[in-house]
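Working through the structure, step by step
Residue strings, one per chain:
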There are 2 protein chains.
Amino acid sequence: MFFSKKWDCRNLHIYITGGSQGLGLALAILVAKKGAHVSIVARNQINLDKALIQLEAVRQSPSQLFKAYSFSLDNAEDSSAALHAASEAHGGNAPDAVFTCAGGSKPMFFLEMEEQDLTRGMVNGYWVQAWTAFAAAKQMAREGKKGKIIFVSSTLGYMSLVGYTSYSPAKHALRGLADSLRSELLLYGIDVHCFFPPTMYTPGFEEENKTKPAITRHIESTDEGLTAEQAASALLSGVENGDVHIAGDLITRLFRASTRGSAPRSNSLLDVALDFIALIGVPLWRRSVDKQILAHRKEHQTYLEGRGFF
Amino acid sequence: MFFSKKWDCRNLHIYITGGSQGLGLALAILVAKKGAHVSIVARNQINLDKALIQLEAVRQSPSQLFKAYSFSLDNAEDSSAALHAASEAHGGNAPDAVFTCAGGSKPMFFLEMEEQDLTRGMVNGYWVQAWTAFAAAKQMAREGKKGKIIFVSSTLGYMSLVGYTSYSPAKHALRGLADSLRSELLLYGIDVHCFFPPTMYTPGFEEENKTKPAITRHIESTDEGLTAEQAASALLSGVENGDVHIAGDLITRLFRASTRGSAPRSNSLLDVALDFIALIGVPLWRRSVDKQILAHRKEHQTYLEGRGFF
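Residues numbered from 1 in each chain as written. Chains lettered and ligands numbered in written order. Predicted model: local features only at pLDDT ≥ 70, side-chain atom pairs only at ≥ 80, totals over all residues. Heavy atoms only, no water.

Taking an unreviewed UniProt entry as the reference, chain A is identified by name as 3-dehydrosphinganine reductase belonging to Serpula lacrymans var. lacrymans. Here chain A is described in UniProt, under the heading Function (unreviewed entry), as follows: "Catalyzes the reduction of 3'-oxosphinganine (3-ketodihydrosphingosine/KDS) to sphinganine (dihydrosphingosine/DHS), the second step of de novo sphingolipid biosynthesis." For chain A, the Catalytic activity (unreviewed entry) comment in UniProt is given as "sphinganine + NADP(+) = 3-oxosphinganine + NADPH + H(+)". (UniProt positions renumbered as here; feature names shortened; annotations may be inferred.)

A look at the confidence of the model for chain A
Low pLDDT means the predicted coordinates in that region are not meant to be read closely. Per-residue pLDDT for chain A averages 92, and the proportion of residues at 70 or more is 98%. Scored by ipTM, the complex comes to 0.93, with pTM at 0.93. (pLDDT = per-residue confidence, 0-100.)

Focus on the packing of helix α4 (residues 115-143) of chain A against helix α4 (residues 115-143) of chain B
Two quantities define a packed helix pair, namely the angle between the helix axes and the distance between the axes. Closest axis-to-axis distance for the α4 of chain A/α4 of chain B pair is 12 Å, and the angle between their directions is 155°. In terms of axis orientation, α4 of chain A runs roughly antiparallel to α4 of chain B. For the crossing formed where α4 of chain A meets α4 of chain B, the hand is right-handed. In this structure, α4 of chain A uses E115, L118, T119, M122, Y126, W127, W131 and F134 of chain A to contact α4 of chain B, whose residues at the interface are E115, L118, T119, M122, Y126, W127, W131 and F134 of chain B. Partitioned by chemical class, the residues of the contact of α4 of chain A with α4 of chain B number 12 nonpolar, two polar and two charged. (Axes fitted to C-alpha atoms, helices over the stretch in contact; angles between N-to-C directions. Helix = DSSP H or I, 4+ residues; strand = E, 2+ residues; numbered from the N terminus. Parallel < 35°, antiparallel > 145°, perpendicular 65-115°, else oblique. Left-handed = near helix turned anticlockwise from the far one by under 90°. Contact = heavy atoms within 4.5 Å. Nonpolar A, V, L, I, M, F, W, Y, C, P; charged D, E, K, R; others polar.)

So, the sheet that holds strand β2 (residues 37-42) of chain B
Residues and elements named next belong to chain B. Read across the sheet, seven strands follow the order β3-β2-β1-β4-β5-β6-β9 without closing on themselves; strand pairing throughout is parallel. In the strand order of this sheet, the two ends are held by β3 (66-70) and β9 (245-247), each with one partner. Here the strands of the sheet are splayed against their neighbours by 15° on average, with no regard to which way each runs. When strand β1 (residues 13-17) meets strand β4 (residues 97-100), the two strands line up parallel, connected through four bridges. Paired with Y15 across the strands is V98, a residue of β4. The strands touched by helix α2 (residues 45-56) within the sheet are β2 and β3, with β3 carrying the most contacts at an inclination of about 170°. Packing of α4 onto the sheet brings it into contact with β1, β4 and β5 (148-152), and relative to β5 it is tilted by some 175°. (Pairing = 2+ DSSP bridges.)

Quick look at the packing of helix α1 (residues 22-33) of chain B against α2 of chain B
All names here are of chain B. α2 packs onto α1 with a crossing angle of 25° between their chain directions and a minimal axis gap of 9 Å. As the angle between them shows, α1 and α2 are arranged roughly parallel. Handedness of the α1/α2 crossing: right-handed. The residues of α2 that touch α1, namely those facing L25, A28, I29 and A32, are A51, Q54 and L55.

Remarks on the sheet that holds strand β5 (residues 148-152) of chain A
Residues and elements named next belong to chain A. With respect to topology, seven strands assemble into an open sheet ordered β3-β2-β1-β4-β5-β6-β9, the strand pairing being parallel. Single-partner strands in this sheet number two, and they are β3 (66-70) and β9 (245-247). Adjacent strand axes in the sheet meet at a mean angle of 15°, parallel and antiparallel pairs treated alike. In terms of strand pairing, strand β1 (residues 13-17) meets strand β2 (residues 37-42) through five bridges, oriented parallel.

Quick look at the environment of V272 of chain B
On the secondary structure map, V272 of chain B appears in helix α10 (residues 268-295). Counting along the chain gives 191 residues from V272 of chain B to A81 of chain B, while the straight-line C-alpha distance between them is 43 Å.

Regarding the relation of the copies chain B and chain A
The transform that puts chain B on chain A rotates by 180° and translates by 0.0 Å along the axis, for an RMSD of 0.0 Å. Both chain copies can therefore be described as sitting about a two-fold axis. Of the C-alpha atoms belonging to chain B, the one lying closest to the rotation axis is found on T259 of chain B, 1.7 Å away. The share of interface residues of chain B whose copies in chain A are also at the interface is 100%, consistent with both copies meeting through the same surface. (Least-squares fit on C-alpha atoms with pLDDT ≥ 70 in both.)

As for the interface of chain B and chain A
The interface is formed by 73 residues belonging to chain B together with 73 residues belonging to chain A. Regarding the contact of chain B and chain A, the summed buried area is about 6400 Å², with carbon and sulfur atoms giving 65% of it. Considering only the surface of chain B that becomes buried against chain A, F110, L111 and L187 of chain B emerge as the three largest contributors, covering 11% of it. Viewed at the interface, chain A and chain B are joined by two salt bridges. Among the salt bridges present, the one from D290 of chain B reaches R182 of chain A, with a minimum N-O distance of 3.1 Å. Inspection of the chain B/chain A interface yields 22 residue pairs in polar contact (both at pLDDT 80 or more). Of all the elements in the fold, those that place two or more residues in the side of chain B that touches chain A are α4, α5 (168-185), α9 (250-258), α10 and α11 (297-306) of chain B. Element by element, the count of residues in the side of chain B that touches chain A is highest for α5 of chain B, at 14 residues. Partitioning the side of chain B that touches chain A into residue classes produces 43 nonpolar, 16 polar and 14 charged. (Buried area = accessible area lost by both parts, 1.4 Å probe. Salt bridge = Lys/Arg side-chain N within 4 Å of Asp/Glu carboxyl O. Polar contact = N/O pair within 3.5 Å; in protein donor to acceptor, adjacent residues only side chain to side chain.)

Describing the packing of aromatic side chains
For the coordinates displayed, the defined rule picks out 19 aromatic pairs over all chains. Taking 4.9 Å as the distance between ring centres and 75° as the angle between the ring planes, the aromatic pair formed by Y126 of chain A and W127 of chain A counts as edge-to-face. For Y126 of chain A, a relative accessible area of 1% translates into the label buried. A ring pair is formed by F276 of chain A and F276 of chain B, whose centres lie 5.6 Å apart and whose planes are at 50°; its orientation type is tilted. Placement of F276 of chain A in helix α10 (residues 268-295) and of F276 of chain B in helix α10 is noted, with the two residues assigned to different chains. On the basis of relative accessible area, F276 of chain B is assigned to the partly exposed category, the value being 40%. (Phe/Tyr/Trp six-rings, centres within 6.5 Å; stacked < 30°, edge-to-face > 60°. Buried < 20%, exposed > 50% of the residue type's maximum accessible area, 1.4 Å probe, protein only.)

Quick word on the pairing of β2 of chain A
Residue and element names in this part refer to chain A. Counting buried positions along β2 yields six of six residues, so the element is predominantly enclosed. For the crossover that starts at β1, traverses helix α1 (residues 22-33) and ends in the parallel β2, the hand is right-handed. As judged from the five bridges shared by β2 and β3, these two strands associate in the parallel manner. In the sheet register, A42 faces β3, and the bridge partner there is S70. In this region the chain leaves β2, passes through helix α2 (residues 45-56) and returns to the parallel neighbour β3; the handedness of that crossover is right-handed. (Right-handed = clockwise from strand over helix to strand, strands pointing away.)

Let's talk about the side chain of S180 of chain B
Inspection of the secondary structure puts S180 of chain B in helix α5. One polar contact links S180 of chain B to S160 of chain A, side chain to side chain, over a distance of 2.7 Å. A polar contact is formed between the side chain of S180 of chain B and the backbone oxygen of Y164 of chain A, at a distance of 3.5 Å.

Put into structure tokens, the structure is as follows:
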């Protein structure tokens, strides 16, 4: 740990999906301040233009390239086209690091979902990142570029609770993809990281609160959460340190240590200590959440009757 | 543990997808022997007919109903229609337990995949089970039936390695769905379980070996694996004991204990002991696998050149 050189994004080309707001934008500003070339991708051109103004405001050198690309990222073709466009501005070369920050969540009861709520959850939580990685991994391997691919999962990629049946499977899937891909891309010297942020106070959070069940909001009411800037800073410092699974707060760190699977550890001694805490703490947490849900049964029956479920 | 009554499938209606071969068929035979009514669903009518003959051979009582239904399960509509057909034979009532054993895997390198390899991985590993649960959870809740929904994930739902970029995300997603749904369905008294089998020597295994990369086969060469019968027996006894996450062998038990997330434990003392072993053992396992992959780099370059990747 103490002797290895930290990864430095200065003068590197950093590609960020979902880069026009929330975590993606905060990360774009952070790496721009550190002297990186930044490409951001999102759908909304107005948000992209506003984001570019914010990037210009923190420019460190006249040679830094800041570019914005409007693409939908929910399918393989457009995700590949977006990466291609950004590469063109750098002599056709793959970015040095690809951060897939795009995505969104629409929490609701499974029993109230329509078919498309479940499929959209997988698109907006998984495919919107997987397709970018699909294009980036191939391009990096072809070029022999020892680049980095960084996924953004969620604390809900480690655990789950009521309300997240469309989101948590997608975030678990990203973890599965990151762990599988890290293993495969060892063959090429390409690094794969995965970030597991907790609640972030971003435009996405406001959006998801519109559909979030009352019981879920109640359970989460004690969460502290992070600002987009705090989350971006945790993410970048995790990547700089070479951590494969990156957590941004203590709660997620406990879940990370206690759900490590085959992922490399960040700091063995600390992770063992966290695991001990989680060994006791996580079951207690779960029992208290289960109790809250069970206590909510009657109220929920009334709610369902009011919604005409039966 | 010692005082709670075991769940008993005698005289209950057990619905099993993928019930015409492999794990699903072995499970169907097992519960038929215990006196359950059994509905099996699969695509291939010939396999279904053969399976029915095997069920008849272990019939315990003339009143047992054994039925087979030919449906594709990769979409919401057909999955719901299959469940509806099976319910009709039981007075329109939901089955007492729904085991989603359908699914398949096609291991290959991420870098050699076409778009549809990745999407089919999610359909055959995730949606083929999620849609059945989607229909079953709603029907059970509407009827007030305190039933059971049992998913079949994989050891690769806890961890992953090279070769499983299309399969492991789907199996992780199932874990995420099971954990979210267990929490939501506490509201209705419906139980959710998830089984994580290791390598099973079934027709599906022979199928996946056709595309499995050499390095993946090499890493797995020391795995012991289970027969379909052993796996079915581990699955059923887990459900009988009320275990939420069910593992069929020691390796998976270690990964279960060390990736418990917010899932309830099976046996707290034993799980703590397993977690200690995993604390030391899993990182050693991972390092040895990483080494094997790195040692494979040169051979892999040659392979890719031969395939015209560059």
